[in-house]
Amino acid sequence: MSDDIRSSLGLRPVINVSGTMTSLGASIVVPEAIAAMSSILPQFVEVNDLQRKASAIIARLTGGEAGFVTASCSAGISLAVAGAITGNDLLAIEKLPDVNTEKNEVLVQMGHVVSYGAPVDQAIRIAGGKVVYVGQATSTHRFHMENAITEKTAAAVFVVSHHVVDYGLLNLKEFVEIAHDKGVPVIVDAASEYDLRLFLEQGADIALYSGHKFLGGPTSGIVAGKKDLVRSAYLQNMGIGRGMKVGKESIFGVMAALEAWETRDHSSIRERETGYLNLWKQALDGRPGVTALIEPDPTNNPLDRMRVIINAEEAHITAWDLSDALARGSPPIIVRDHEVEHRYFYLDPCNLHPGQEKIVAQRLGEELDKARASNEIIATPLESRSKHRFDGALRWPD
Ligand SMILES: *Cc1c(COP(=O)(O)O)cnc(C)c1O
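Because the structure is a prediction, the values reported are computed rather than measured. Think of each chain on its own: its residues are numbered from 1, step by step along the sequence as written. Predicted model: local features are reported for residues with pLDDT of at least 70 only, side-chain atom pairs are reported and counted for 80 or more only, and whole-chain, interface and lining totals are derived from all residues. Excluded from the side-chain calculation are hydrogens and water; included are all heavy atoms of the structure.

Lines fitted to C-alpha atoms define the axes here, with helix axes fitted over just the stretch in contact, and angles between the N-to-C directions of these axes take values from 0 to 180 degrees. Every helix listed is a DSSP run of H or I at least four residues long, and every strand listed is a run of E at least two residues long, numbered separately from the N terminus. At their nearest, the axes of helix α14 (residues 319–328) and helix α15 (residues 356–373) sit 10 Å apart, and the two run at 125° to each other. Classified by the angle their axes make, α14 and α15 are oblique. Classified by chirality, the crossing of α15 by α14 is right-handed. Counted together, Leu-322, Ala-325 and Leu-326 of α14 and Arg-363, Leu-364, Glu-367 and Leu-368 of α15 form the full contact between these two elements. Three classes are used: nonpolar for Ala, Val, Leu, Ile, Met, Phe, Trp, Tyr, Cys and Pro, charged for Asp, Glu, Lys and Arg, and polar for all others, with Gly counted as polar. Looking at the contact of α14 with α15 residue by residue, the class counts come to 5 nonpolar, no polar and 2 charged. Between 65 and 115 degrees an angle is taken as roughly perpendicular, under 35 as roughly parallel, over 145 as roughly antiparallel, and anywhere else as oblique. Put simply, a crossing is left-handed when the front helix is turned counterclockwise from the back one by less than a right angle, and right-handed when it is turned clockwise. Pairs of residues are marked as contacts when any of their non-hydrogen atoms sit within 4.5 Å.

What follows is the structure in structure tokens.
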């Protein structure tokens with residue numbers, strides 16, 4: 001890699017094989033969005049008019065009636081919930097998170113209450129929503145949801161994510177059917193999904209996306225759907241949305257990223273990623289204690305990842321110690337290790353600059369060779385890893 005801004009800032013030149021991680025800067029912003037942002041930064045605009053233009057593009061790409069850009073998908077959850085609670089009542093909007101209505105209950109299936117870096121249910125609560133958990137972690141039946149809906153129900157939130165429990169729950173179509181039967185709007189958190197139309201097509205009233213994940217836009221969130229609900233969410237900019245606002249550059253950057261998405265050559269990107277996965281498979285196959293499997297994305301995004309399963313007795317290193325060694329190394333390589341207690345991590349090819357795939361293959365080989373050459377098995381107890389997980393954060397900024 002050529003020298004980049006990171007070295008002059010004294011930052012480590014991380015290679016991201018973990019996916020679209022906010023903590024690593026989310027994604028490679030597409031050139032169209034970068035150009036759009038720098039072109040609008042020196043100009044004054046009437047932001048509501050710019051958001052009207054964004055609304056038209058969001059509507060075209062999502063099939064919704066309207067849309068707007070906010071700070072993040074997480075902000076989108078809060079704004080959409082707030083809108084469902086307050087409607088267009090400007091005084092109620094100013095009073096949030098205090099609510100002057102009984103109608104502030106928000107349903108969410110227990111198996112959807114996950115953390116995307118912060119808890120889903122907190123995004124609902126800061127908007128004045130009272131969270132009603134539906135069903136149990138691994139089972140929601142129709143009767144759970146039907147009985148949870150009362151005259152106090154303002155909205156129902158459905159989360160699409162590899163983090164949610166993936167069996168035993170209501171699917172979106174059933175969830176929508178039950179909610180709509182009783183006039184309850186459905187808000188879908190689709191932060192990380194490629195398909196911009198599917199969830200609205202399946203009946204969601206609002207679908208929320210991150211602008212900075214697969215779209216390759218600036219850090220932002222996209223709210224799309226029914227016009228009246230989108231408007232009520234947008235009006236929250238005069239209330240709790242103020243601290244979640246985006247500037248002209250992010251609004252215009254997302255517009256450009258959406259238009260670039262329409263013309264992106266998705267199949268050649270897929271082909272390139274498949275090439276990376278095959279290279280890594282070659283580098284890992286036949287190594288003692290290592291199994292490399294190419295697997296599809298759990299939420300059906302058109303993306304494969306490599307699951308690297310480590311048998312510590314044979315590889316002489318645990319999956320988590322290998323992950324840590326790669327992250328400590330030079331250049332630092334950050335793998336997708338949120339399930340590493342199961343003795344595997346993933347390599348995600350979607351955020352690599354060409355050439356980095358070779359460095360990843362080489363570093364994997366080096367660390368595995370080093371481990372095999374060691375007489376002892378490199379095995380930090382998992383408990384100690386979990387115990388020290390937040391040490392760095394709690395020392396910040398040192
Ligand atoms: C990433 C993610 C979020 C948060 O998105 P931001 O735009 O970073 O706030 C919310 N929900 C899900 C399912 C996510 O994957």
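From this point, things continue past the structure.
Between its first and last C-alpha, helix α12 (residues 266–284) extends 27 Å over 19 residues, near the 27 Å set by a 1.5 Å rise per residue. Listed as buried for α12 are Glu-273, Tyr-276, Leu-277, Trp-280 and Leu-284. Each buried residue of α12 lies within a common arc of 95° when the element is viewed along its axis, so the set occupies one face. Opposite the packed face of α12, turned more than 90 degrees from it, sit the exposed residues Ser-267, Glu-271 and Gln-282. Against β1 (15–17), β9 (290–296), β10 (304–310), β12 (344–347) and α15 lie the buried residues of α12. A positive phi of about 85° marks Gly-286, the residue just after α12. The span one expects for a helix is its residue count, reduced by one, times 1.5 Å. Per-residue accessibility, obtained with a 1.4 Å probe over protein chains only, is compared with the maximum for each type, and a residue is labelled buried under 20%, exposed over 50%, and partly exposed between these values. Directions drawn from the helix axis to the C-beta atoms are what define this arc.

Strands qualify as paired when DSSP identifies two bridges or more between them. Reading across from one edge, β2-β8-β7-β6-β5-β3-β4 is the order of the 7 strands in this open sheet, with mixed pairing throughout. Each of the sheet's edge strands pairs with one partner strand only, and the pair in question is β2 (66–70) and β4 (130–134). On average, each strand axis in the sheet is tilted by 25° relative to the strand beside it, whichever way the strands run. Relative to the sheet, helix α4 (residues 73–86) contacts β2, β3 (105–109), β5 (153–159), β6 (186–189), β7 (206–210) and β8 (221–225), its axis offset from that of β7 by approximately 160°.

Within the secondary structure, Ser-323 sits in helix α14. When its relative accessible area of 4% is taken as the criterion, Ser-323 is described as buried.

Across the sheet, which stays open at both edges, the 3 strands sit in the order β9-β10-β12 with antiparallel pairing between neighbours. Looking along the sheet, the strands with just one partner apiece sit at the ends: β9 and β12. Each strand axis lies, on average, 25° off the axis of its neighbour in the sheet, ignoring direction. Bridge count between β9 and β10: 7 bridges; the pairing is antiparallel. Its bridge partner being in β10, Leu-293 is matched across the sheet by Arg-307. Packed onto the sheet, α12 meets β9, β10 and β12 and runs at close to 15° relative to β10.

Let us look at the nonpolar core. If you look at the biggest cluster of nonpolar residues, it comprises 45 residues, and the most contacted ones within it are Leu-107, Met-145, Val-188, Phe-199 and Leu-258. Every residue in contact with Leu-258, bar those within four places of it in the chain, is listed here: Ile-57, Ile-58, Leu-61, Leu-196, Leu-215 and Ile-222. Side-chain atoms within 4.5 Å link the members of a nonpolar core, which is a set of buried Ala, Val, Leu, Ile, Met, Phe, Trp, Tyr and Cys residues. Core analysis: the next-biggest nonpolar cluster, separate from the first, contains 34 residues, Leu-79, Ala-82, Ile-240 and Met-244 among them.

A word on the site of the ligand. Working definition: residue near molecule or strand if any one of its non-hydrogen atoms lies within 4 Å of it. As a matter of local geometry, the ligand sits amid 13 residues, with Cys-73, Ser-74, Asp-189, Ser-210 and Lys-213 nearest to it. A 3.5 Å cut-off defines polar contacts: any pair of N or O atoms within that distance qualifies, except that in protein one atom must be a possible hydrogen donor and the other a possible acceptor, and neighbouring residues in sequence count only when both atoms are side-chain atoms. One of the side-chain N or O atoms of Asp-189 is found 2.6 Å from a nitrogen atom in the ligand. Here an oxygen atom of the ligand and a side-chain polar atom of Ser-210 are 2.7 Å apart. Taken together, the residues of the shell around the ligand sort by class into 4 nonpolar, 7 polar and 2 charged.

Any carboxyl oxygen of Asp or Glu that lies within 4 Å of a side-chain nitrogen of Lys or Arg is treated as forming a salt bridge with it. A full pass over the atoms with the stated rule returns 24 salt bridges. Among the salt bridges present, the one from Asp-49 reaches Arg-52, with a minimum N-O distance of 2.7 Å. Of the two residues, Asp-49 and Arg-52 are both situated in helix α3 (residues 47–62); the distance of 3 residues between them amounts to about one turn of the helix. Overall, the relative accessible area of 34% leaves Asp-49 in the partly exposed class.

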